[in-house]
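Coordinate analysis (summary)
Next come the chains, spelled out residue by residue.
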Amino acid sequence: MSFYQNKVVWITGASSGIGEALAIELVRQGAKIIVSSRREEELKRVAQQTGDVAKVRTLVLDLEKPESFEMAVNNAIASFGQVDIMIHNGGISQRSKVIDTLPAVQRKVMEVDYFSYIELTRLLLPHFQQRQTGHFVVISSVMGKIGTPMRSAYAAAKHALHGFFDCLRAEIWPFNAKVTIITPGYIRTNVSRNAMTATGAALNEEGKNIGSGYAPDKTAKQILRAVEKGKYEKYVGKPVSKERMAIWLMRFFPTVAINIFKKAVPE
Ligand SMILES: NC(=O)c1ccc[n+]([C@@H]2O[C@H](COP(=O)([O-])OP(=O)(O)OC[C@H]3O[C@@H](n4cnc5c(N)ncnc54)[C@H](OP(=O)(O)O)[C@@H]3O)[C@@H](O)[C@H]2O)c1
């Protein structure tokens, strides 16, 4: 029997890209899912894509609206009576130099990519504590481990996730709750099209690294394997890639890594 059979999994950012692929793969592996994002029509499309709409509930959620989070958490739990796994995946990226980037852009990235994750987590924790089980899956990025040009807001938010969720993991193990942080490399999604430029407008271009990135369906399988194994942190993406090498270099030879990042050509 699949590890995910009858598990209830709540996925944010499920209307596209990695979240959509996770939704389809989870239903294929027997899970019941709650799919969240801002665009209801896209969530309904994803529900159809799974091939079993009875196993899917849609829950519209704007990660920039913390005042709606308590009701969202209650509705998520009520959807199937419990939540076993929460996958924090919704997010927005950024492509701009620090000197040009408006403060509102820095704040929006932190709001969507960091503050929403930690507040939804805080609100769901009592449910996990009461049930003495639960698993938070956090979609970070290679940019949660390194810093390159044009990504300051995004890298800051992703690095912050590691600090927060490493601390949380150390707190919640007594009630059998887990944290898995995923650091994807380049994955072929709309992430660069949707990324904000210095003023907050969408970039609307597919970066070449993203265009030739790893397939979302394979990425979803890698993520679900890491969660099943209870990994603390896991890179997903092409098995051999410059971004995977960058994490390794930053860890063991940070001076070499930083000198390479200085010369990185921004997309
Ligand atoms: N693709 C990559 O190369 C890559 C690499 C590393 C990490 N990641 C991470 O993977 C995650 C998923 O991104 P993706 O690559 O699948 O990109 P994507 O195709 O652009 O998907 C982003 C998702 O986030 C949702 N979202 C964005 N802003 C939101 C908001 N304010 N409220 C609620 N939902 C919001 C979008 O849904 P709506 O527009 O419907 O709200 C969409 O479902 C992100 O956290 C990203 O940082 C991606």
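Not measured: the values here are computed from a predicted model.

**Observations regarding the site of the ligand**
- What surrounds the ligand is a group of 31 residues, the closest being Ser-15, Ser-16, Arg-38, Tyr-154 and Thr-189.
- One of the backbone nitrogen or oxygen atoms of Gly-13 is found 3.0 Å away from an oxygen atom of the ligand.
- Contact with the protein chains hides 96% of the accessible area of the ligand, taken as 880 Å² for the molecule alone.
- Only helix H1 (17-28), helix H4 (103-131), helix H5 (152-172) and helix H6 (191-194) provide two or more residues apiece to the shell around the ligand.
- Here the shell around the ligand is built from residues that sort into 13 nonpolar, 14 polar and four charged.

**Some words on the pairing of strand S5 (residues 134-139)**
- In terms of residue burial, S5 counts as a mostly covered element, since six of its six residues are buried.
- Going residue by residue along S5, you find Gly-134, Phe-136 and Val-138 tucked away on one face and His-135, Val-137 and Ile-139 tucked away on the opposite face as well.
- The pairing of strand S4 (residues 85-88) with S5 spans four bridges and is parallel. Looking across to S5, one finds that Ile-85 is bridged to His-135.
- In this region the chain leaves S4, passes through H4 and returns to the parallel neighbour S5; the handedness of that crossover is right-handed.
- With six bridges connecting them, S5 and strand S6 (residues 177-184) associate as parallel partners. Following the sheet pairing, Gly-134 is matched in S6 by Ala-177.

**Some points on the nonpolar core**
- Counting residues in each nonpolar core, the largest one holds 39 residues, and the members touching the most others are Trp-10, Phe-136 and Phe-165.
- In terms of residues, this core owes the most to one element, H4, which gives eleven residues.
- Ignoring sequence-local partners within four residues, the contact set of Trp-10 consists of Ile-34, Ser-36, Leu-59, Leu-61, Ala-72, Val-73, Ala-76, Val-83, Ile-85, Met-86, Ile-87 and Leu-120.
- Of all hydrophobic cores here, the second largest spans 30 residues; its members include Ile-18, Ala-23, Ala-47 and Ile-139.

The rules we used
- Residue positions are counted from 1 within each chain, in the order its sequence is given.
- In keeping with the predicted nature of the model, local features appear solely for residues at pLDDT of at least 70, side-chain atom pairs appear and are counted solely at 80 or more, and the whole-chain, interface and lining totals rest on all residues.
- Excluded from the side-chain calculations are hydrogens and water; all other atoms, namely the structure's heavy atoms, are used.
- What makes a residue near a molecule or strand is one non-hydrogen atom of that residue sitting within 4 Å of it.
- A 3.5 Å cut-off defines polar contacts: any pair of N or O atoms within that distance qualifies, except that in protein one atom must be a possible hydrogen donor and the other a possible acceptor, and neighbouring residues in sequence count only when both atoms are side-chain atoms.
- Residue-level accessible areas treat just the shown protein chains as cover; the underlying method is Shrake-Rupley with a 1.4 Å probe.
- A run of H or I in DSSP counts as a helix once it spans at least four residues, and a run of E counts as a strand once it spans at least two, with each numbered from the N terminus.
- The classification used treats Ala, Val, Leu, Ile, Met, Phe, Trp, Tyr, Cys and Pro as nonpolar, Asp, Glu, Lys and Arg as charged, and all other residues, Gly among them, as polar.
- Burial classes follow relative accessibility: with a 1.4 Å probe on protein chains only, a residue under 20% of its type's maximum area counts as buried, one over 50% as exposed, and anything between as partly exposed.
- Strands were regarded as paired on the criterion that DSSP finds at least two bridges between them.
- A clockwise course of the path from the first strand over the helix to the second, judged with the strands pointing away from the viewer, identifies a crossover as right-handed.
- Note on terminology: a nonpolar core comprises buried Ala, Val, Leu, Ile, Met, Phe, Trp, Tyr and Cys residues joined through side-chain atoms within 4.5 Å.
- Only heavy atoms enter the contact rule, under which two residues are in contact if any of them lie within 4.5 Å.

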